[in-house]
Each structure stands twice: as C-alpha cells, then as structure tokens.
Amino acid sequence: GYIFRRGYPDYALEKQLMNHVKTPVIFNRYIEIEDIINEFDFIIAATSNSIIAKKLDVWRDTFVTHARIATILGKFNPGEIIMWINREYAKNGFCYLVPKTDKEACLALVVNGITSYELDYYWKKFLFTENIQYYISETIDTEHDCGFVQPRQKDSILFTGNAAGLTDDLVGCGSLNAIESGMLAARAIIYGKDYNTLTMPIFKDVEKLHEFRKAANTMDNSKTDKLIGALSMPVIKNTIYNNPFFRFSHVSKTVKLYNSFIRSRRGQAE
C-alpha cells in the first residue's frame, strides 16, 4: 500500500491537487443547498459528510463513529503505520498512528456506537491500555459516518467522495474514491453520461468491503487476534502482498456467506 501525506506541506495530496485548479475557490462561506439549487445547471456535493444526502433522503447509515484525532510529537518511522483493534476502547472501531514526519505523527481513535460525551473515557482507556506516552500537541474531535447513497445523482445534484458514501467502512479509506468520483462527475456533466452508472464500480467495491465490516463486527478480541495471526502466516501473507492479482474484494463472497451463516444462527437462537 501507499501512505498519502495530507495537510499543509507543498507535497501533500490536497496541495498537489490544488495546484491544478485554475478556477476561483471561495473559502469560509456556508451555503444551504436550497439557496443555490435553482442558480446552476448542476451542483457537485463534495462536502465529505452526509448532511445533504440525508436531507434528500438518499443516504443510509452503515457505520457511525466518533473520532479523536491527535497530533503527537516523538520519533517515528515515516514508512510505517501502526494500528490497534481492541473492543475495550474502540468497540468495533480501531486506532491508528500515521507518521507525518520522523518527529510528528497523527494518532487517532475511532469508536462506534457512542456519544461525543463518552469519547473522552475511551480515549483515556486507549492511552492507558497501550501505554501511549507521546507528547500530544493538539486534539480534534469529530463525528464520522459511513453509508450508502442511492442514487448518487439526485436531479441536478451529483454526490462525490464521502458525500456519496464512497468511503469504505472497514478502515475508512476514501481519498482515491473521492478523486475518481470527482473526475467522473465532471465527465458525466461534460459528456452527458449517466453518473450513477459511471460510479457503480466504485460503489460495488465499497459494498464488498462492507461485508468485511459486518464480519468484523461479529468478532471479539480473541477471534480478532486469531484472524490477524492467520493473516501473518507466511503462506497467506505472501498470497496477499506478493500476488499482484489479489484483491480483498475477491473473497467478499466467502465473507458474505459467513455473514449469512451468522445471521441464521442468531435467528435460530432468538
């Protein structure tokens, strides 16, 4: 995989993209969709949240979380990402450490099924359990929801990125999907293509990863440890990382069968 630098440096993903934008960009202006919907032939919603899609009743939640994102200082390997999965402080979510430089990193806790008031408890439990002792220079709390948007074009409004539900709810990756959906939105407008059809392959990939999310939600810490241990075995590891044709989506049908089996067992128990 690849680590994309985000934020303020000139080589960050956003800055590289912004260097190619020639049209005016207006910052710090809040706009209601109702105020502009009759002024333009098309509107691209790239708000990174579900507000507009929910207003138009095209959004369905799949994984709703609260997150605390901290900037930490210390010594880091810029080519290494660390991830923690533990029900006690992340529930069905996860934590990760992504270095920005060899001296600065992003430390994040993502927890589902809690309120914003409970986030502080889980954050402290995470820091204590994993003995995190880095200096924390700042923290930002946010709510993040993943979901499915159907259709991804509603009348003259085209949804892109996370506003279109194109962030996977397994580990929250969505940057490349956002870029691609933005390109497809432009193509749909310029060439009169059907945007829902153009974005269907991306949606299908996100839908397949959702099966992994549903399976992960059924596992306790013990099962998760066994799964990670199995994935670390040399034969399986080589199959995943050294096979250029391997995609996690290829095994989604097997995971879907597992989810159906779990649902049937729960139905029988009830």
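Above this note sits the structure.
Engineer: In this structure, what is going on with the pattern of salt bridges? I would like to understand it.
Structural biologist: Think of it this way: side chains of opposite charge can pair up when their charged atoms draw near. In the structure shown here, the tally under the stated rule is 11 salt bridges. Salt-bridge contacts for Asp10 lead to Lys15; the nearest nitrogen and oxygen are separated by 3.9 Å. Measuring nitrogen to oxygen at the nearest pair gives 4.0 Å for the salt bridge that ties Glu34 to Lys55. Here Lys55 lies in helix α3 (residues 51-55) and Glu34 lies in helix α2 (residues 33-36), a separation of 21 residues in the sequence. A network of salt bridges, in which partner residues are shared, links Arg68, Asp120, Lys124 and Asp141.

Engineer: How do you make sense of helix α6 (residues 175-191) when you look at a structure like this?
Structural biologist: Compared with the 24 Å implied by 1.5 Å per residue over 17 residues, the 24 Å span of α6 between its first and last C-alpha is a close match. Along α6, the residues classified as buried are Ser181, Leu184, Ala185 and Ala188. For α6, the buried positions fall inside an angular range of 110° around the axis, keeping them on one side. Relative to its buried face, α6 has exposed residues pointing more than 90 degrees away, namely Leu176, Ile190 and Tyr191. On its buried face, α6 is in contact with β1 (43-45), β8 (157-159), α7 (195-198) and α8 (200-216). Among the residues trailing α6, Gly192 stands out with phi positive, at a value near 70°.

Engineer: Any chance you could explain the pairing of strand β2 (residues 59-73) here in plain terms?
Structural biologist: Each regular strand carries side chains that alternate between the two faces of the sheet. Examined bridge by bridge, β2 and strand β6 (residues 135-149) share 14 bridges and lie antiparallel to one another. Within β6, the residue paired with Asp61 across the bridge is Gly147. Both β2 and strand β5 (residues 104-112) contribute to a ladder of nine bridges, which runs antiparallel. Pairing of His66 across the sheet is with Val111, part of β5.

Engineer: Just to check I follow, could you spell out a nonpolar patch on the surface for this structure?
Structural biologist: Together, Phe42, Ile44, Ile189, Ile190 and Tyr191 line one region of the surface with nonpolar side chains, adding up to about 510 Å² of accessible area. Sort the elements by how many residues they give to the nonpolar patch and α6 lands first, with three residues. Tracing the backbone shows Phe42 in the loop between α2 and β1. A relative accessible area of 39% means that Phe42 is categorised as partly exposed.

Basis of the calculations
Here the residue numbers are simple positions, counted from 1 along each chain's written sequence. Restriction of local features to residues with pLDDT of at least 70 applies here, the model being predicted, together with a cutoff of 80 or more for giving and counting side-chain atom pairs; totals for whole chains, interfaces and linings are based on all residues. Excluding hydrogens and water, the side-chain figures rest on all heavy atoms present in the structure. Whenever a carboxyl oxygen of Asp or Glu lies within 4 Å of a side-chain nitrogen of Lys or Arg, that contact is scored as a salt bridge. Where helices and strands are cited, they refer to DSSP runs of H or I of at least four residues and of E of at least two residues respectively, numbered from the N terminus. A helix's residues, less one, multiplied by 1.5 Å, set its expected span. Working definition: with a 1.4 Å probe on protein chains only, accessible area under 20% of the residue-type maximum means buried, over 50% means exposed, and in between means partly exposed. This arc is built from the directions going out from the helix axis to the C-beta atoms. Residues are treated as being in contact if the distance between any of their heavy atoms lies within 4.5 Å. The criterion for strand pairing is that DSSP finds at least two bridges linking the strands in question. For patch detection, residues must exceed 30% relative accessible area and be free of salt bridges, and they are connected within 9 Å for like charges or within 5 Å for nonpolar side chains (Val, Leu, Ile, Met, Phe, Trp, Tyr). Note on areas: Shrake-Rupley, 1.4 Å probe, and residue coverage restricted to the protein chains presented here.

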